[in-house]
Every structure is written in structure tokens, then in C-alpha cells.
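Breakdown of the fold
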Amino acid sequence: MRLFKKKKTYESFIAWSKTLDRRVSSAAMILENSAGQVLIVKAGYKSYWTFPGGIIDAGETPKEAAIREVFEEVGITVDPSTVDFVAVVNRKSNLAQTYQFIFKTTLTKTMLEHLVLQASELEDYALITKADVTRENRPYGKVIHTWATGAIGYVEQLFDRRTDG
């Protein structure tokens, strides 16, 4: 009898879990040098600049995804032991609700010398400071504004995906 109850409870749990919201998650990496500049990239399919990053693949941790995306997008190899967690951003729009995990590592001169843009996705890169973000000299994604304000931990972003990054 106990076995039946456990099985029924387990099956009920599985059925219930299938009704829950499924949220896509992504990860991004802040690559900041000793002068306080960060590396940002401009994807051809976005109207704004952002940090290297992308969707977390099945079986990956957010940190692994951020490191992989940096390598894929800008050709920079990041040592996992140098990566720190910064924030998780709950991004809510009229299209979806997603989580973005933000990590940070030091950008060295050697890394910049090995930078190669992913031609199929990226158009350009730049090094910017927090002061550049306040000047709004280019369209920045919300994650860059989050960095510029020093936000860490848990951050909520509400936006219209048609116009905001």
C-alpha cells in the first residue's frame, strides 16, 4: 500500500510540475579591465549593445554558459576560477519572463589581443566606462545600465522587448 501511495504522489507531482511556467535562462559576462572599462558587443539582430552572453544550453550551468558564450562570441578563453557571480536578473516583458545570470571576470590586455568577433552574430565591440553609459552615446541594453548603477544580487527588469534591451 505504501508503494502505491508513493507512486501516486510521485506521478501527481510530475503531472503538476508539467503545468508550471517554463522560463528560458541566459547568462552574460562582464569583462572589466583595471581602468574600469567593460567589453560590450553589438549583435546584428539587436538594436542595442550588451555584454557577451546567450542562452544556457541543456546540461549547462549558468557559469558554464557565460564562459562558453564569451569564447564563441569574442574568442576569449576565461578561467572559471576567476569568475564571480554578480546578479540574477528577472526580466519580464509582454513576450516572456526570463532569468539572466550575470558574471564578472577581469579583462586583461592579453585577452583583448586575442579578441575575435563571431562574424555570424556580432557587428562590433567597444570598451566603455560607467560614465559612457550615463552619456547615452549609444543604445545600451538594460543589463549594461544595471552594471553602471552597481546593482548586484537580485534585480528585476520590466520592459517592452520591442523597444528595450
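How each quantity is defined
- Residues numbered from 1 in each chain as written.
- Predicted model: local features only at pLDDT ≥ 70, side-chain atom pairs only at ≥ 80, totals over all residues.
- Heavy atoms only, no water.
- Patch = residues over 30% accessible without salt bridge, like charges linked within 9 Å, V, L, I, M, F, W, Y side chains within 5 Å.
- Areas by Shrake-Rupley, 256 points an atom, 1.4 Å probe, with all protein chains shown as cover.
- Salt bridge = Lys/Arg side-chain N within 4 Å of Asp/Glu carboxyl O.
- Helix = DSSP H or I, 4+ residues; strand = E, 2+ residues; numbered from the N terminus.
- Buried < 20%, exposed > 50% of the residue type's maximum accessible area, 1.4 Å probe, protein only.
- Polar contact = N/O pair within 3.5 Å; in protein donor to acceptor, adjacent residues only side chain to side chain.
- Contact = heavy atoms within 4.5 Å.
- Core = buried A, V, L, I, M, F, W, Y, C linked by side-chain atoms within 4.5 Å.
- Phe/Tyr/Trp six-rings, centres within 6.5 Å; stacked < 30°, edge-to-face > 60°.
- Lys NZ or Arg CZ within 6 Å of the ring centre and 35° of its normal.

**Points about a nonpolar patch on the surface**
On the surface, a cluster of nonpolar side chains totalling about 320 Å² of accessible area is made up of Phe13, Trp16 and Leu20. Along the polypeptide, Trp16 turns up in helix H1 (residues 2-17). You can call Trp16 partly exposed: its relative accessible area is 48%.

**Regarding the side chain of Asn33**
Relative to the helices and strands, Asn33 resides in the loop between strand S1 (25-32) and strand S2 (38-43). A polar contact is formed between the side chain of Asn33 and the backbone nitrogen of Ala35, at a distance of 3.0 Å. A polar contact is formed between the side chain of Asn33 and the side chain of Gln37, at a distance of 2.8 Å. When near neighbours in sequence (up to four residues on either side) are disregarded, Asn33 contacts Leu107 and Leu127.

**Regarding the nonpolar core**
One finds Met29, Leu31, Leu39, Val70, Val74, Ile76 and Val78 to be the most contacted residues of the largest nonpolar core, which totals 20 residues. Within the residue set of this core, elements represented by two or more residues are S1, S2 and helix H2 (62-74). Apart from the residues within four sequence positions on either side, Leu31 is in contact with Gln37, Val38, Leu39, Pro52, Val70, Val78, Thr105 and Leu107. With 18 residues, the next largest nonpolar core counts Ala87, Val89, Val133 and Ile144 among its residues.

**Quick word on the packing of aromatic side chains**
According to the stated counting rule, one finds 2 aromatic pairs in the structure shown. Centre to centre, the rings of Phe51 and Trp147 are 6.3 Å apart; their planes meet at 90 degrees, and the pair counts as edge-to-face. Separated by 96 residues along the polypeptide, Phe51 in the loop between strand S3 (49-50) and strand S4 (53-55) and Trp147 in helix H5 (residues 142-148) bring together distant segments of the chain. Note on accessibility: Phe51 and Trp147 belong to one class, buried. Note on Phe85 and Phe103: the rings are 5.9 Å apart at their centroids and 70 degrees apart in plane angle, and the pair reads as edge-to-face. Taken together, the positions of Phe85 in strand S5 (residues 84-92) and Phe103 in strand S6 (residues 97-106) put the pair 18 residues apart, joining distant regions of the chain. For Lys130, the ring lying beneath its charged end belongs to Trp147, and the centroid distance is 5.4 Å. Sitting over the face of the ring of Trp49, Arg138 holds its NZ or CZ atom 4.6 Å from the ring centroid.

**Structural notes on the environment of Ala27**
Tracing the sequence through the fold places Ala27 in strand S1. Overall, Ala27 belongs to the buried group, its relative accessible area being 0%. C-alpha separation for the pair Ala27 and Asp124, spaced 97 residues apart in sequence, amounts to 20 Å. Other than its neighbours up to four places away in sequence, Ala27 contacts Pro52, Gly53, Gly54, Ile56, Pro62, Ala65, Ala66, Phe101 and Phe103.

**A few points about the pairing of S1**
Counted residue by residue, S1 has 8 buried out of 8 residues, so it is predominantly covered. Every second residue of S1 is oriented toward a common face, with Ser25, Ala27, Met29 and Leu31 on one face and Ser26, Ala28, Ile30 and Glu32 on the other, all of them buried.

**Let's talk about the pattern of salt bridges**
Under the counting rule described, the total for this entry stands at 7 salt bridges. In this structure, the salt-bridge partner of Arg68 is Asp57, at a minimum N-O distance of 3.4 Å. Here Asp57 lies in the loop between S4 and H2 and Arg68 lies in helix H2, a separation of 11 residues in the sequence. Residue Arg68 is classed as buried on the basis of its relative accessible area of 19%. Residue classification places Asp57 among the partly exposed positions, given a relative accessible area of 39%. The partner of Glu60 in a salt bridge is Arg68, with the nearest N and O atoms 2.6 Å apart. By sharing partners, the salt bridges in this structure join Asp57, Glu60, Arg68, Glu69 and Glu72 into a single network.

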